[in-house]
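# Descriptive structure summary
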Amino acid sequence: MSLETRRSGKTQATLASEAIVEEEGRYVYCVADAREDMSLGKIGIEGYEVHTIPHKDICAVVHSCPAQPYQSDDQEVVEAWVMTHQKVIDAAWERWSTVLPLSFDTIIRGETEKSAEQNVKDWLKQEYEDIKRRIEKVRGKAEYGVQVFWEPKVIAQSLTSTSPEIKRLDEEIKTKPKGLAYMYRQRLENLMKHEMETKADEYFKDFYGRIRKYTDDVRVEKTKKAEPGLQMIMNLSCLVYRDRYTELGEELEKINRRRGFAVRFTGPWPPYSFVGGA
Amino acid sequence: MEPTRNSHATLVDLLDRVLDKGLVINADIIISLAGVPLIGVNLRAALAGMETMLEYGLMKEWDARTRARESEQRKKNVEPICIAQIAR
């Protein structure tokens, strides 16, 4: 999207100098654990030059831009922005080892008497202690995504053979006339739902316990719709010491090998899930 | 097993993180991003299978309960430093 479009609709300020300050912004990619005042080249969103804004031994990784959010209805455009956002953070991460990533489209603005650059500096200064604490939390670690799926059909089948109550109902249905069989089926479905949830609970606790051992911290995320035939029963973001991910991978492989289960293991991601909140 | 970060297969995982998470800046110095969640929502809707909809709707409540319980437990076990943060 061109600069023109992003700015359109914004009323022209009367004083030119004021307008410049008010309309400029700094798109913030991450805060890095480094005392650096430098350019990272034109690697930013839409080819903007990325530079650092230092304060003491930390710096914000930013690009200068108009104080307008990046918005588009074009999925490909947004996708490209998001990928670039990630690439810039990756570059900083690789270079300085510890970064606190920000979410896409976080832009610090200027004010009438304060430039955006100054606002970034003041923010780093003001939040210094908090930022340092967060940096220490994630130092030497990376985030991994762990998603556990089961095949409801396989689980239901095994329940039918192991739960006496389900087994009995399932057999009774076959002997009942149509109308009655319908009612029995309803009962069976309710019972099945209950038993499946109990099973999922058991597995969740079991898997969580095994995974937790290899992680420094865990966030339980909402489960998502899975591909047909699978159901996600667990979606975790795990903060893991960089040298422990292989052990985690081995534990996940054990779960992955079980009949009726599958595991998705993604990463390493910058520690997005462990730098926000309290 | 080895973790993957193949850019196409893990786009959704990336979006989950890049759009919703990260370090938070106090709202008074960042530009209004009212439209931003919308980008996320639209983009997600366009990518198959993004919405939180569980197969058969069977386990929706279970999922919510599990997460609530886990977050409760976390609160109980928080370290003092975190409590100070919450109180802030």
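Quick caveat, the model's predicted, so the values are computed rather than measured. (Residues numbered from 1 in each chain as written. Chains lettered and ligands numbered in written order. Predicted model: local features only at pLDDT ≥ 70, side-chain atom pairs only at ≥ 80, totals over all residues.)

### Description of the overall build of chain B
Test applied: By definition, any uninterrupted DSSP run of H or I lasting at least four residues is a helix, any uninterrupted run of E lasting at least two residues is a strand, and each is numbered from the N terminus. Here a residue counts as buried when 20 or more other C-beta atoms sit within 10 Å of its C-beta, as exposed when there are 12 or fewer, and as partly exposed otherwise, the C-beta atoms being derived from the backbone.
Scanning chain B for helices and strands turns up four helices and zero strands. In chain B, the succession of α and β elements from N to C terminus is α-α-α-α. Looking at chain B as a whole, 25% of its 88 residues are labelled buried.

### Some thoughts on unusual backbone geometry
Residue and element names in this part refer to chain A. Between Gly267 and the following residue, Pro268, the backbone shows a cis peptide bond with an omega angle of -5°. Examined against the element boundaries, Pro268 turns out to sit in strand S10 (residues 261–269). For Lys56, which is not glycine, the phi dihedral falls at a positive 50°. Structurally, Lys56 can be placed in the loop between strand S3 (50–55) and strand S4 (58–66).

### Re the packing of helix H3 (residues 75–96) of chain A against helix H1 (residues 11–20) of chain B
Going by this rule: Lines fitted to C-alpha atoms define the axes, with helix axes restricted to the stretch in contact, and inter-axis angles between N-to-C directions lie between 0 and 180 degrees. Each angle gets one of four labels, with under 35 degrees taken as roughly parallel, over 145 as roughly antiparallel, 65 to 115 as roughly perpendicular, and the rest as oblique. Whether two residues are in contact depends on their C-beta atoms, placed from the backbone: they are in contact if these lie within 7 Å. Basically, the charged four are Asp, Glu, Lys and Arg, the nonpolar ten are Ala, Val, Leu, Ile, Met, Phe, Trp, Tyr, Cys and Pro, and anything else, Gly included, counts as polar.
Look at H3 of chain A against H1 of chain B: their axes get within 11 Å of each other, and the N-to-C directions meet at 80°. Taken together, the axes of H3 of chain A and H1 of chain B lie roughly perpendicular to each other. In this structure, H3 of chain A contributes Val82, His85 and Gln86 of chain A to the contact, and H1 of chain B contributes Leu14, Leu15 and Val18 of chain B. Looking at the contact of H3 of chain A with H1 of chain B residue by residue, the classes come out as four nonpolar, two polar and no charged.

### Brief notes about the nonpolar core
Nonpolar side chains in soluble globular proteins tend to be buried together. Spelled out, the test is: By definition, a nonpolar core groups buried Ala, Val, Leu, Ile, Met, Phe, Trp, Tyr and Cys residues that are joined through C-beta atoms within 7 Å.
Tyr29, Cys30, Val31, Val61, Ala92 and Ile108 of chain A are the most contacted members of the largest nonpolar core, which totals 48 residues. Element by element, the count of residues in this core is highest for H3 of chain A, at seven residues. Beyond its immediate chain neighbours, meaning those up to four positions away, Ile108 of chain A contacts Gly25, Arg26, Val28, Ala116, Asn119, Val120 and Trp123 of chain A together with Ile25, Ile29 and Ile30 of chain B.

### A look at the interface of chain A and chain B
If you look at the interface, chain A gives 55 residues, while chain B gives 45 residues. Of the residues in the side of chain A that touches chain B, the class split is 29 nonpolar, 17 polar and nine charged.

### With respect to the sheet that holds strand S7 (residues 141–150) of chain A
Residues and elements named next belong to chain A. What counts, and what does not: Any two strands are treated as partners once DSSP identifies two or more bridges connecting them.
Across the sheet, which stays open at both edges, the four strands sit in the order S8-S9-S7-S10 with antiparallel pairing between neighbours. Here the strands that pair on one side only, and so sit at the sheet edges, are strand S8 (217–220) and S10. For this sheet, the mean inter-axis angle between neighbouring strands, taken without regard to orientation, is 20°. Direction of pairing for S7 relative to S10: antiparallel, over a ladder of seven bridges. Residue pairing across strands places Trp150 opposite Phe261, the latter belonging to S10.

### Some details on the confidence of the model for chain A
For clarity, the threshold we go by: Each residue carries a pLDDT value, the predictor's own confidence for that position, ranging from 0 to 100.
On average, residues of chain A score 89 in pLDDT, and 92% of them reach the 70 mark or higher. Predicted confidence for residues 1–21 of chain A stays below pLDDT 50, and this span has 16 contacts to residues more than four positions away or in other chains.

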